[in-house]
Amino acid sequence: MQRMKSPKAAIIGAGFIGAVHVDILRRLGVPVAGVLAESVQASQEAARQLGLTKAYSSLEELLDDGEVAVVHDCTPNRWHREYNVRALQAGKHVLSEKPLGMDSREAAEQASAAEAAARRGILAAVNFGYRYYPLVQQMRAMVQRGEIGAVRLVHGTYTQDWLCESTDYNWRVEPELGGKLRALGDIGSHWLDLAQYVTGQQITEVAGDLATLLPRRQKPGREVQTFAGGGQPSHASPGPAPDWVDVRTDDYAAVLFRTEAGAHGNVVISQASPGRKNHLTLEVVGSEATLYWDQEQPNQLWIGRRHRANALLMKDPGLLCPQAGQYVRLPGGHNEGYYDALYHLFRNFYGTLAWQGEGEGGTTLPEQRPAEGEKAAAPGWVGDFPTFAQSYRLALVLEAIWESSQGGHWVKVGA
Ligand SMILES: NC(=O)c1ccc[n+]([C@@H]2O[C@H](COP(=O)([O-])OP(=O)(O)OC[C@H]3O[C@@H](n4cnc5c(N)ncnc54)[C@H](O)[C@@H]3O)[C@@H](O)[C@H]2O)c1
């Protein structure tokens, strides 16, 4: 792997989340070399819009760029396997979007490429950013420290409305671009990852019910970006007239599950729930206490107890445990949200790179670089980012849910 004075990032895919990556990298102080989109013209347009110098014309050109140490793969799922594997083989660190490709076979291929790359000191992470909200960290710490007793139940929702009308359309609707699982793969993957991360328990058995609530949709003549509807029919964007097409991917999924430690759980996933914008809720029920967190009210954690008054813990560095305190940037009452959670995932990833010596002399994360001999004293967040191996295991969970929905019975994960 090339060593460079100032490791730079490059972005592939410049839609909704690609722009978020660029913003967060700027906030971290990591320079972004350039961008690759689906065509030369699209790359040039993206570079202009994002204020980047280089518009790559091909993956080869990007991978040959010696300035680039880290590739951020923000493309539709269809491209993750090819881009991530090639980037890792070329010696680039990779921070990829989720889910890891189209299915568990593709996720497995990427996980083995990451394992091989890790032997050369190359890091690979997946952007399951919900893990890194301060109060999610607080929940996790409380579970780990036994403060809620034995975990008995885990349940919640992840519901949205941006695909709830037949005029709403996006590449995710098409199995050829997003995979055969849509709502479940797209947002269900976030919830399932979060539930496993917070409880520290793997999901081992599942039963699923999937439904396509809108079996026909109007496909616009021109690509519509994620969340582009904004409450307006997606086909209001200019372009050729839309066509009616049949839809096979799931708008809705309900999942029952059991964990390795014997906890029971369930979740409802939907991208067709009017009024629900990004409604991710997680409730962890222990023998001594219950914890409830809502992504749309992320700065408060509800703590329920039988023999004491229930409490609402507001995000405040002075009130959180030290582990969660590492994920707070602002004083109490100053709200932190989605961007901040992803910032912390990126901080953990780039901080780990700096910790292991990448970018010596030029890294932009000076406060995180250890002095010689201090490596043993790494802060708790070093190395804490969602890995390709974890994302492969999650792909097996998703596939087991699919299998269960087809056969109408419980399925063991990975069996
Ligand atoms: N972690 C999160 O919270 C989160 C949120 C949204 C999306 N995502 C994930 O990010 C990925 C992208 O989703 P999005 O919502 O940004 O989609 P999007 O449609 O808004 O953007 C995708 C971009 O990729 C570009 N693209 C398409 N084909 C390409 C190719 N072959 N090479 C290079 N670029 C190409 C498109 O031009 C577009 O700009 C998906 O995997 C999705 O699941 C994750």
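Scroll up to find the structure this text is about.
Residues numbered from 1 in each chain as written. Predicted model: local features only at pLDDT ≥ 70, side-chain atom pairs only at ≥ 80, totals over all residues. Heavy atoms only, no water.

### Remarks on the sheet that holds strand β1 (residues 8-12)
For the record, the criterion: Any two strands between which DSSP finds at least two bridges are classified as paired. Helix numbers and strand numbers start at the N terminus; a helix is a DSSP run of H or I with at least 4 residues, a strand a run of E with at least 2. The contact definition used throughout considers only heavy atoms, calling two residues in contact when any of these lie within 4.5 Å. Fitting a line to C-alpha atoms yields each axis, with helices limited to the stretch in contact; the angle taken between N-to-C directions then spans 0 to 180 degrees.
The parallel open sheet is built from six strands, whose spatial order is β3-β2-β1-β4-β5-β6. Pairing within the sheet leaves two strands with one partner each, and these edge strands are β3 (54-55) and β6 (124-126). Pairing between strand β5 (residues 93-96) and β6: three bridges, direction parallel. Bridging across to β6, S96 finds its partner in V126. With respect to the sheet, helix α1 (residues 16-28) is in contact with β1, β2 (32-36), β4 (68-73) and β5, its orientation differing from that of β1 by roughly 165°.

### Considering the packing of aromatic side chains
Threshold: Only Phe, Tyr and Trp rings take part, Trp by its six-membered ring, and two of them pair if their centres are within 6.5 Å. Stacked means planes under 30 degrees apart, edge-to-face means over 60, and tilted covers everything else. Residue burial is assigned from relative accessible area. The probe radius is 1.4 Å, only protein chains are included, and a residue is buried under 20% of its type maximum, exposed over 50%, and partly exposed in between. Only lysine NZ and arginine CZ atoms are considered, and such an atom sits over a ring when it is within 6 Å of the ring centre and within 35 degrees of the ring normal.
Applying the stated criterion across every chain, the model contains 10 aromatic pairs. Aromatic pair Y132 and Y327: ring centres 5.8 Å apart, planes at 20°, arrangement stacked. Placement of Y132 in the loop between β6 and α6 (134-144) and of Y327 in the loop between α9 (322-325) and α10 (338-355) is noted, with a sequence separation of 195 residues between them. Residue classification places Y327 among the buried residues on the basis of a relative accessible area of 2%. These aromatic residues form a ring-pair network of at least three members: Y130, Y133, Y158, W293 and Y338. Its guanidinium or amino end placed over the ring of Y197, R140 lies 3.9 Å from that ring's centre, counting from NZ or CZ. Above the ring of W410, the side-chain terminus of R258 is found at 3.8 Å from the ring centroid.

### Some thoughts on the pattern of salt bridges
Going by this rule: Put simply, a salt bridge is a Lys or Arg side-chain nitrogen that is within 4 Å of an Asp or Glu carboxyl oxygen.
Considering all chains together, one arrives at 22 salt bridges under this definition. Across the pair E45 and R48 runs a salt bridge whose closest N-O atoms are separated by 2.7 Å. Remark: R48 and E45 occur in helix α2 (residues 40-50); sequence separation between them is three residues, near one turn of the helix. Residue classification places E45 among the partly exposed residues on the basis of a relative accessible area of 34%. Linking E109 and R81 is a salt bridge whose minimum nitrogen-to-oxygen distance equals 3.2 Å. Note that E109 is positioned in helix α5 (residues 104-118) and R81 in helix α4 (residues 80-89), a separation of 28 residues in sequence. A relative accessible area of 33% means that E109 is categorised as partly exposed.

### Some details on the packing of α4 against α5
Note the cut-off: Orientation categories follow fixed angle ranges, with anything under 35 degrees roughly parallel, anything over 145 roughly antiparallel, 65 to 115 roughly perpendicular, and all other angles oblique. Throughout, the ten residues Ala, Val, Leu, Ile, Met, Phe, Trp, Tyr, Cys and Pro are labelled nonpolar, Asp, Glu, Lys and Arg are labelled charged, and all others, Gly among them, are labelled polar.
Where α4 meets α5, the closest approach of the two axes is 9 Å, and the angle between their N-to-C directions is 10°. Considering the angle they form, α4 stands roughly parallel to α5. The segment α4 lies against α5, with H80, R81, N84, V85 and L88 engaging E106, E109, Q110, A113, A114 and A117. Within the contact of α4 with α5, the residues separate by chemical class into five nonpolar, three polar and three charged.

### A short note on the site of the ligand
Filter applied, for reference: Residue proximity to a molecule or strand is established when one non-hydrogen atom of the residue lies within 4 Å of it. Only the protein chains shown count as cover for residues, with accessible areas throughout obtained via the Shrake-Rupley method and a probe of 1.4 Å. Any residue with an atom within 4 Å of a point lines the site, the site being either a cavity, points on a 1 Å grid over the protein atoms alone where a 1.4 Å probe fits but cannot get out, or a pocket, an open set with protein on both sides within 12 Å along at least 5 of 7 lines. Put plainly, a molecule is in a cavity or pocket when over half of its atoms are within 2 Å of the grid points there. The domain boundaries here were taken from an automatic or database domain assignment.
Surrounding the ligand, one finds 27 residues, the nearest of these being E38, N77, K98, T226 and Y338. Contact with the protein chains covers 91% of the free accessible surface of the ligand, which is 850 Å². A majority-of-atoms criterion places the ligand in the largest pocket. Mapped onto the shell around the ligand, the elements with two or more residues apiece are α1, α4 and α8 (183-199). Tallied by class, the residues present in the shell around the ligand amount to 13 nonpolar, nine polar and five charged. Per-domain counts for the shell around the ligand show at least three residues from each of domain 1 (8-129 + 338-387) and domain 2 (131-333 + 395-412).

### A short note on empty space enclosed by the protein
We apply this condition: Grid points are joined across faces, edges and corners, and a volume is the space filled by probe spheres set on the points.
As enumerated under the stated definition, the model contains two cavities of 30 Å³ or more in all. Here the second largest cavity is characterised by a volume of approximately 40 Å³. For the lining of the second largest cavity, the class distribution of residues is two nonpolar, three polar and three charged.

### Some details on the pairing of strand β14 (residues 290-294)
Counting buried positions along β14 yields four of five residues, so the element is predominantly enclosed. Two elements, strand β13 (residues 279-286) and β14, share five bridges in a ladder whose sense is antiparallel. The residue bridging T281 from the neighbouring strand is D294, located in β14. Between the end of β13 and the start of β14, which pair antiparallel, lie three residues. Pairing geometry for β14 and strand β15 (residues 300-304), over four bridges, is antiparallel. Counted as the bridge partner of T290 is G304 from β15.

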